[in-house]
Structure formats: C-alpha cells, structure tokens
Amino acid sequence: MEKMTRKKFLKLSLGAAAAVASAPYLGGCAPAFIKKKKPNILLIMTDQQAIDTISHTGCTELETPWLDKYCREGVHFQESYTTNPVCSPARSSLLTGRMPSETGVHRNTLSINDAVPNVGQWFRENSEYRSLYAGKWHLPQSWQPSVPGFDLLTPAIKGQGNLGDAVVASACEGYFHNRSKFDNPFLMVASLFQPHDICQWFRMNLEDISELRYPELAGKLPELPSNFQLSYPESEVVGELRSVLESSRGNWSELQWRYYLYVYYRQVEMVDAEIGRILQGLEDSGERENTLVMITSDHGEGMAEHQMIRKNYLYEASAKVPLIVSMPDQIRSDINDTSSLVSGIDLVPTMCDYAGITSPGNAHSRSLRPLLENRESTWRSSLISEVSHDSHGVENQLARMVRTENYKYIVNARDGVEQLFNLSIDAGETDNLALKAGYRSQLAEHKKLLNEWESKLEIASDLPENKTWKNV
Amino acid sequence: MDKTGILGSPLGFESLQELQILDQVPRGIKGFNPKGNWSHIYRIWSSYGYWEKNNFDNGWLKIQREVNLSDATQDFRITQLINNFTGRKSDLGVFNLVTAKLKCHLNELATPIQWKLESQFYYEDKSLNLPEIGLIKTGRINNSILSVSTNGKVREQSIDRNVTSNWSLYEAIQRLPLKDSAKLDFTYMEDLVVIKNDHHLSYQGLRSSGINEKEDQLHYFQQLGRGVFPFEYYLDGNRECLMIVTGPRAYILDDSASDIFNKRHPWLKDEISNRIDASEVD
C-alpha cells in the first residue's frame, strides 16, 4: 500500500474541506466520500488471571489501578468464561473466534489448524489494518521468532513475565509514541505473561513451611476462601489432578496456602503495572478516543478454591476470566455486567464488528457490540467450555461445562461424573445437585444444550479421535 | 547435574551452585567502599523452576556510581540488556537495551532527582521491517511532583516523598545500617517507569551462603511490596551487594556477564557501544 505522506494528506484534506464547504446541505448526512475513521484495536491479554483479582469489583487483597480505570471507562463482564482453561487452546479461541475443538488446539504447544485464520491473518486479508503482536504466542511455542498474520515487535521470554513483560510493554508504548496519526489503523495484541509466573513459584515452593520466610508478612496474609474445603462428588480426574499438584505433593499447611495467595496477588499487581505502561502510551498518543481496548486473560487460577491451584478444570476460579472492553463515547462506561454469558470466542467477532468487516467466527461466537452499546438484542442463554489438555500426567481429562443463567453443569468423559451447581445461591460450587432428587429436569436440559452445541461444532480435521466427544 | 524435576525450594546460593550457575559466592571488589565511586555488573539469570531445563541467562545490568559530595548527590549510569527470548544459542535474538543517566540525592533511599532514559530494540534478523519502537524518557522529582516526558509528551503526578528506584536502591542498600532496626518504607519506581506502592525493606541479620568451604556470613535484607516477588539482597562484609534474588530471577555480581551475549551475538557489542557513545554526546 502506498504510504500517505504528510504533504499528500494535507493536499487531500484541503480538497475534501473545500468540497464540503461548497456542497449543499444534505439533511445532516455526512457526504458519502468522507469515511468515518476506523477505530484502532488493542487487545491486552494476561496469562492465568482469575476474574476475582480486580480491586474495582471488590477484591480488597490487591491494588489494580489500571484495570480499575478501564472498568470505570468501559464494560466489565462478570460472567466471562474461557473456552478452555489452559494456555494454547484458550489462546487459539481468543485469536480465531472458534472453539479449541475447531482450531485443533486441544492441548498446549499446538498450532492452529491451517484452515482456520487467526485475527491477524483475517485483518490483513480483509482490511487496511496494520496487525502487530508483542509477547507470548504459545501457538505452538510461547516464544517464537515470528507470528503468522502479525508483525512481531518482540516475543516473550519463556515463562519470565516478571522480566519480559516490561520489555513487551515498552515495545507497545514505543509503538504508540512513534506512530504517525496518518498511519493505517492498528490491530495490536499485547500478550503479557503475568500472573503466570505463579507457576515458577509453585515449582520453587513445593515444601510446606513451618514459619514464614518473610516474617513481616505475619498477620498480613489473605484468608482462605470459603470454599477451600472439598465438596463431593466430583470427577476422579479432578481428584487425581489435585493429588499431583505442588500443593498436595508438598502437603501444604494453611500458612502455605495463604502465602500462595499473597504471592499471586502481587503477580496480578505486576501485570496491572505493565498494562498501565501500555495504556499510558496509548493515551499519550492521542488515539485513546478512537481505540477499542479489550483486556482479558486466557484462563484463570485456582485461588485455593476447592484446594486447587493452577488450571485445566472447570471450577469457577479456573474457568472464569476478566473481560473489560472500553472505547470512550462509543461503549458504555462504568458498567459491571453481571448477567451476560460471554466467552473467549466473542472477541474476534467484536473486533471485526468495530472494524466493519465480516467475522471468521461461526454460529457459536457473537459480537459483544450490542451489550457494549446497550442495543436491544437477544443474547445467548447458555455457554460451553471444554477441557481437553492432559496435564501433569493425568490421562484423559476431557470435560465439558454448560453454563446457563443460574446453573452450571460439568461432566467428565472418563468417569462420566456429573456436577450441577445452582450458582445463584451457591457461587462457591459446594453443593452438587446432580445426584439429588428434584434436579432431573435441569440435568436433562443441560445435557440437551450440550448435545445441541456439539452438533454444531465444526471439528478440526486434525483433532485426534479421542479428543472428539459427541453424544455425551 | 544430577538432579531432575522441579527445584522444590526458593532460589539461593545452594540451588544456584547445584544448577552450576555459581561455583562460589561472587567475589566483590577488593577493599570495596560503598560510599565511594564504583561500577557493578550483574548477570541477570532466571529459572523456570526445573533443575534440568529452561534456565536462562536473560541479560545483564551495569551500574556505575559517582558521588558528588559538594551538593550531596550521586550520579548513576545504567546499562541494561534484556534478551527477550529463551536465551538459547540457536535463537534469533531480540534485545532491549536501556541506557540511563540518573542523578539522585545522597540520602538514605538514594531518591531520584532527575534522569534521562533511552530504550532501544535490536533484532538479530535484520530483514524485519518493523516500526520504530524506541523511547526517550526524561524525568524529574521536585517537591513530591513526578514529571516525566516520553518522546516529548509530558505527564505529571504527585508522588510520595519517600521514593526510590530499583537501580538506585541497589546502591542505597549498601549504606544502610546493619542492625535489626534498619527498616525503610518507600514507593518503588521500577526501571524509572512503573510506580509500585507500599514497599518495605528490612535488615534480617547474617546468613550463611552454605556453599563456600570456609564458613561465610552475608548480610541479608528483604524487600516486600506491591507488584513484585519478594526481593532478597545478600551483601558481603564490605557491604557490597553480591546477589539479589526476586522469585525466579537472580542478579549475580559478575564482571563477565556481558561476554555471554557478546560471544553469541558479536554484532550486539558494537551496537551497544555505539548507543552508549551516542548517549555520552547528549
């Protein structure tokens, strides 16, 4: 594409202004030749951030001034779910608008199926946007010398968000400060690694502690969550996973559990600071008003709920992720959306909607725009997440979840154990209704929803047979 | 290395020795005077938490200090190189070089007064046609007002009077009294860019490294605060800061730290020299 020089721009602008001045009044309609400037799009991804880690929405254990600011200046979805609570599958959805079963990324370190375009490739093919990427990719590797469909400003350091995120943020900030106002609109993905470094912390803090390594933390550690105690029945798969995680292997005491929460909150604060560096750069550039900002995470973190750490299971702390969307004057501000069921597959359709191009997503994904702008529409009444990655040597962790307005249904493929929670009265998922009398109709309804959803899946051609799971 | 699997316990001298990163406690400068002029190079190294894999040299940090007793200030020259990649020999490298000139008070915290910082990216693959992403930041703290200009765009905000930066704190810690009552509360300005509140540094007495044949005792400080892994500082008897550990990352005093990267990426040495020369002219 020919580069627009300042001189050429001024010439065109003056010509356009003269034409407007001489044109007859057309009842308030802008002349057809003046195209509305397309919004820039900035997607900021964190890694392994549980939804309840934002001070604006009530978490008192940490300070997240930048996430808070964009909650106030946008819509924050409280019923926001990952498509699959593990890195590569979730990322494949965030960047394609398709479920992991459709992208072929059923586990970590796989590439997206060639038949499914990522959002960078899609925008390059269908728009004038410049697509830029910085940070963790993980499709297949977290660090790569190039990312298909994007100019890669800088990759990530493998697993070291505590060091590499500052470099990623600096690269994004640098881009904003150097770009010309006359450049094409940008689609930037800033993919930060934190608070994923909690995984290194797990590996370096296996052993239980009888006393605090940092004495000054005494009396300052977060309390355990109210659903710390185990609730049964649950799938043996989840029990096996729990038993091989560092918390079980180290036989953590309450002190260690609470110390883990303290460290995790500090990692979220760390990523908030780097998000702030990126957003400050955007604001300094003067492009804030014309940029769709989306902030989310690939999956959550156990947070000691159900005595779990890490991810790859479908309890709320692992399956829910923050999702904040903001664009001044176009999107509602200070909205805490506590009812709309939204998913990682909805981001690409939303980006395409604001960019004015069709979406590569399919029947499952939806543009969030009606919710963001408070337009009347019929929103989805149910949502699915899946687990397909076999982590920590535990075999066949395949599981699916159906979320409806009040209920959440989980079923594991290996043992067929079902869980049903009424989240409207049991947000902590402590009372499994699946085996209780009086809930047969709810169980049947959720199984039916799952079957209907599965029947519409466009399964990736390279998905292994044992990862396809129809007719539960 | 005999061990495999996860480390199990926090990084320290003993695990770094077992990982073959250290063969002994780093040696400081003979007759080191923390109140004088000095230059330190730290190797920046990190672990993914396994004995046998994914442990990398990520870069190096050089801090040069010059004292100005006449006006009770001190000047620092900072050079920091980060390889934003795995650090493996076979990787194409992307490097972020930060150079900074920083003037600080000669007070307990080495509080920054004014600075100029440049961030530049270098790519091993010269065929990439990427947009400019370098930054120049100048900053000043005056009467609890922090003023920062980024590529000419100025922002101001109020800031706690008790403020320091990570780089100047590495100096200040070498002058703190070595007694249990040595405690500091401050706002932490990371890389002169990011502000983190509620930080607290305290002296925790003497610790043995556990790796020298001859029993050695190192002065040990801890730093806690928002937005960081806890920091642990180890100082020798001359109060020279030999090692800093923060979660999975360690800064290890090592004059040859830059050689690792110069050998792997010979072009990089010239790029860095040219950049430092250019900033000298400014």
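Scroll up to find the structure this text is about.
Residues numbered from 1 in each chain as written. Chains lettered and ligands numbered in written order. Predicted model: local features only at pLDDT ≥ 70, side-chain atom pairs only at ≥ 80, totals over all residues. Heavy atoms only, no water.

Student: Talk me through the side chain of Asn 422 of chain A; I want residue IDs and the actual numbers.
Tutor: All names here are of chain A. The topology assignment puts Asn 422 in strand β14 (residues 418–422). Engagement of the side chain of Asn 422 in a polar contact is seen with the side chain of Ser 424, the distance being 2.5 Å. With residues near it in sequence (within four places) discarded, Asn 422 still touches Asn 406, Tyr 407 and Leu 433. (Helix = DSSP H or I, 4+ residues; strand = E, 2+ residues; numbered from the N terminus. Polar contact = N/O pair within 3.5 Å; in protein donor to acceptor, adjacent residues only side chain to side chain. Contact = heavy atoms within 4.5 Å.)

Student: Break down the pattern of salt bridges for me, with residues and values.
Tutor: All chains considered together, the criterion is met by 49 salt bridges over all chains. Of the charged contacts in the structure, one is a salt bridge between Glu 429 of chain A and Lys 408 of chain A, with a shortest N-O distance of 2.8 Å. Here Glu 429 of chain A is found in the loop between β14 and α14 (440–455), whereas its partner Lys 408 of chain A is found in strand β13 (residues 407–412), with 21 residues between them in sequence. Residue Lys 408 of chain A is classed as buried on the basis of its relative accessible area of 0%. A salt bridge links Asp 75 of chain B to Lys 103 of chain B; the shortest N-O distance between them is 3.0 Å. With Asp 75 of chain B in strand β3 (residues 73–83) and Lys 103 of chain B in strand β4 (residues 94–105), the pair connects residues that are 28 residues apart, well separated along the chain. Classification of Asp 75 of chain B as partly exposed rests on a relative accessible area of 25%. Members of the salt-bridge network, linked through shared partners, are Glu 79, Glu 316, Lys 320, Arg 403, Lys 408 and Glu 429 of chain A. (Salt bridge = Lys/Arg side-chain N within 4 Å of Asp/Glu carboxyl O. Buried < 20%, exposed > 50% of the residue type's maximum accessible area, 1.4 Å probe, protein only.)

Student: Pulling in residues and values, what's your account of the environment of Asp 259 of chain B?
Tutor: All names here are of chain B. Topologically, Asp 259 is positioned in helix α3 (residues 257–264). On the basis of relative accessibility, which here comes to 35%, the residue Asp 259 falls in the partly exposed class. Each C-alpha atom, one on Asp 259 and one on Val 98, is 18 Å from the other, the two residues being 161 residues apart in sequence.

Student: Could you give an account of helix α2 (residues 65–72) of chain A, with specific residues and numbers?
Tutor: Every buried residue of α2 of chain A is accounted for by Trp 66, Leu 67, Asp 68, Tyr 70 and Cys 71 of chain A. Where α2 of chain A is buried, its residues touch β2 (75–77), α10 (254–284), β7 (291–297), β8 (323–326) and β9 (335–337) of chain A.

Student: How would you explain the nonpolar core if you had to name every residue and give the values?
Tutor: Leu 42 and Leu 279 of chain A together with Tyr 233 of chain B are the most contacted members of the largest nonpolar core, which totals 101 residues. Top contributing element to this core by residue count: helix α6 (residues 161–178) of chain A, with eight residues. Dropping the residues within four chain positions of it, Leu 279 of chain A is found in contact with Leu 42, Ile 44, Trp 66, Tyr 70, Val 293 and Ile 295 of chain A. By size, the runner-up hydrophobic cluster in this structure holds 48 residues, among which are Cys 59, Trp 201, Trp 257 and Val 394 of chain A. (Core = buried A, V, L, I, M, F, W, Y, C linked by side-chain atoms within 4.5 Å.)

Student: Lay out the sheet that holds β13 of chain A in plain terms, naming residues and giving numbers.
Tutor: Residue and element names in this part refer to chain A. Spatially, four strands are ordered β11-β12-β13-β14 in an open sheet, and the strand pairing comes out antiparallel. Looking at the sheet topology across the chains shown, the edges are occupied by β11 (382–387) and β14. The average angle at which neighbouring strand axes cross in this sheet is 15°, direction not considered. With six bridges connecting them, β11 and strand β12 (residues 399–404) associate as antiparallel partners. Among the inter-strand pairings, Glu 386 is bridged to a residue of β12, identified as Arg 400. (Pairing = 2+ DSSP bridges. Axes fitted to C-alpha atoms, helices over the stretch in contact; angles between N-to-C directions.)

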